[in-house]
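Per-entry structural report
Here's the letter readout for the chains.
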Amino acid sequence: MNLTTEQIQQIETYLDFKELNQLDLRNEVLDHMAAGVEKSLQDDGLTFKDAFDKEVKKWNDELSEHSNWLIGWAWTGPRILINKGVKKTKQFYIKSMLVAMTIGTIMYLMNKTLIEKGFAEIVNGFVGLLYFAIFFLICILYWRIKATEYQTAYSFLFKINAIGFAFMYLAFNPLFSDGNLVYNKEEVFAELLFFHFFLISFAYTFWDLYKSHIDSKKLVLN
């Protein structure tokens, strides 16, 4: 049994009330709720109102306002959105840390050779310029996401991470302050290497989120 346009609109109104505005998640929940209502109408012989109320009770918790420390307590949204954001954030952090540990270990073992050959200044300069490039890339991708005029779970995550990381790419740029050099104090050399290479590795996250945001619209249309 197919739902009428008016019945679909009632589900849409409920999702508007719950502020589930992310295209990918909204489409997923809408499909599930519509299928659930159709099943109740056909199999259980319920009225649309009773079938709809049944689905609302089922989804109320998933669509209740929620937050999580991993992406910041200040960022709230439907639980389904926050949970997806936490899952993706964990994946991004783990991948970036593994890459940072691998590259950082290699650089740490080559430390004396690099310093003796004068590569320290080159590495600092390279990291500084790379931070500038990443910062401007974040700005461009953010502008392109805004230009799409639709929201997804990926654009939500992009915005959250862009604010904090864009600041760090400027605040910890080796070209701005000797105190933030990759090669600086021997006692914290390993920590500095990991920190800077983590920031560099994490930059791929922004491209991944941008691409996923764009692809989400194509998936929904298909």
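The present account deals with the structure reproduced in this document. All values derive from a computational prediction rather than experimental measurement. Sequence order sets the numbering: in each chain, residues are counted from 1 along the sequence as written. Given that the model is predicted, a residue must reach a pLDDT of at least 70 before its local features are reported, and side-chain atom pairs must reach 80 or more before they are shown or counted; all residues, however, enter totals for whole chains, interfaces and linings. Heavy atoms throughout the structure, all of them, feed into the side-chain values; hydrogens and water do not.

1. Quick notes on the pairing of strand 2 (residues 72-78)
Under the convention used in this document: We treat two strands as partners when DSSP finds at least two bridges between them. Helix numbering and strand numbering both begin at the N terminus, where a helix is a DSSP run of H or I of at least 4 residues and a strand a DSSP run of E of at least 2.
Here three bridges tie strand 1 (residues 65-68) to strand 2, and the two strands are oriented antiparallel to one another. Each bridged residue has a counterpart across the sheet, and for Asn68 the counterpart in strand 2 is Gly72. Here strand 1 folds back onto strand 2 in antiparallel fashion, the turn holding three residues.

2. Considerations on the layout of surface pockets
Formally: Each cavity reported here is a set of points on a 1 Å grid over the protein atoms alone in which a 1.4 Å probe fits but cannot get out, each pocket an open set with protein on both sides within 12 Å along at least five of seven lines, and each lining residue one with an atom within 4 Å of a point. Grid points are joined across faces, edges and corners, and a volume is the space filled by probe spheres set on the points. Classification used: nonpolar for Ala, Val, Leu, Ile, Met, Phe, Trp, Tyr, Cys and Pro, charged for Asp, Glu, Lys and Arg, polar for all others including Gly.
Considered as a void within the structure, the largest pocket measures approximately 500 Å³ in volume. Taken together, 22 residues line the largest pocket, and the ones lying closest to its centre are Asn21, Gln22, Gln151, Phe156 and Lys159. Secondary-structure elements contributing two or more residues to the lining of the largest pocket are strand 2, helix 6 (119-148) and helix 7 (153-171). In terms of residues, the lining of the largest pocket owes the most to one element, strand 2, which gives four residues. Residues belonging to the lining of the largest pocket are distributed by class as follows: nine nonpolar, eight polar and five charged.

3. Digging into the pattern of salt bridges
Operational definition: When a carboxyl oxygen of Asp or Glu lies within 4 Å of a side-chain nitrogen of Lys or Arg, that pair is called a salt bridge. Only protein chains enter the calculation, and the probe is 1.4 Å; a residue is then buried if its accessible area is under 20% of its type maximum, exposed if over 50%, and partly exposed in between.
Scanning the model with the defined rule gives nine salt bridges in all. Residues Arg26 and Asp16 are paired through a salt bridge, measuring 2.7 Å at the closest nitrogen-oxygen approach. One end of the pair, Arg26, is in helix 2 (residues 23-44); the other, Asp16, is in helix 1 (residues 5-17), and 10 residues separate them in sequence. Look at Arg26 and you get buried, because its relative accessible area is 14%. We note a salt bridge from Asp24 to Lys84, for which the minimum N-O separation is 3.2 Å. Of this pair, Asp24 sits in helix 2 while Lys84 is found in helix 4 (residues 79-109), placing the two residues 60 residues apart along the sequence. For Asp24, a relative accessible area of 13% translates into the label buried. For Lys84, a relative accessible area of 24% translates into the label partly exposed. Residues joined in a network through salt bridges with shared partners are Glu12, Asp16 and Arg26.

4. Here's the deal with a nonpolar patch on the surface
In plain terms, the rule: Each patch groups residues whose relative accessible area exceeds 30% and which form no salt bridge, using 9 Å between like charges and 5 Å between nonpolar side chains of Val, Leu, Ile, Met, Phe, Trp and Tyr. Where accessible areas are quoted, they stem from the Shrake-Rupley method and a 1.4 Å probe; at the residue level, only the protein chains shown are allowed to cover.
A surface patch of nonpolar side chains, amounting to about 450 Å² of accessible area, comprises Ile94, Met97, Leu98, Met101 and Phe194. The element contributing the most residues to the nonpolar patch is helix 4, with four residues. Mapped onto the elements of the fold, Phe194 is located in helix 8 (residues 189-221). The partly exposed category is assigned to Phe194, whose relative accessible area is 31%.

5. Observations concerning the environment of Leu81
Defined as follows: Contacts were defined at the residue level, with two residues in contact if any of their heavy atoms lie within 4.5 Å.
Tracing the chain through its elements places Leu81 in helix 4. When the C-alpha atoms of Leu81 and Ala153 are compared, they prove to be 6.3 Å apart, with 72 residues separating the residues in sequence. Setting aside residues up to four positions removed in sequence, Leu81 forms contacts with Gln22, Leu25, Ala153 and Phe156.

6. A short note on the side chain of Thr89
Tracing the backbone shows Thr89 in helix 4. In contact with Thr89, other than residues within four places in its own chain, are Leu70, Ile71 and Leu157.

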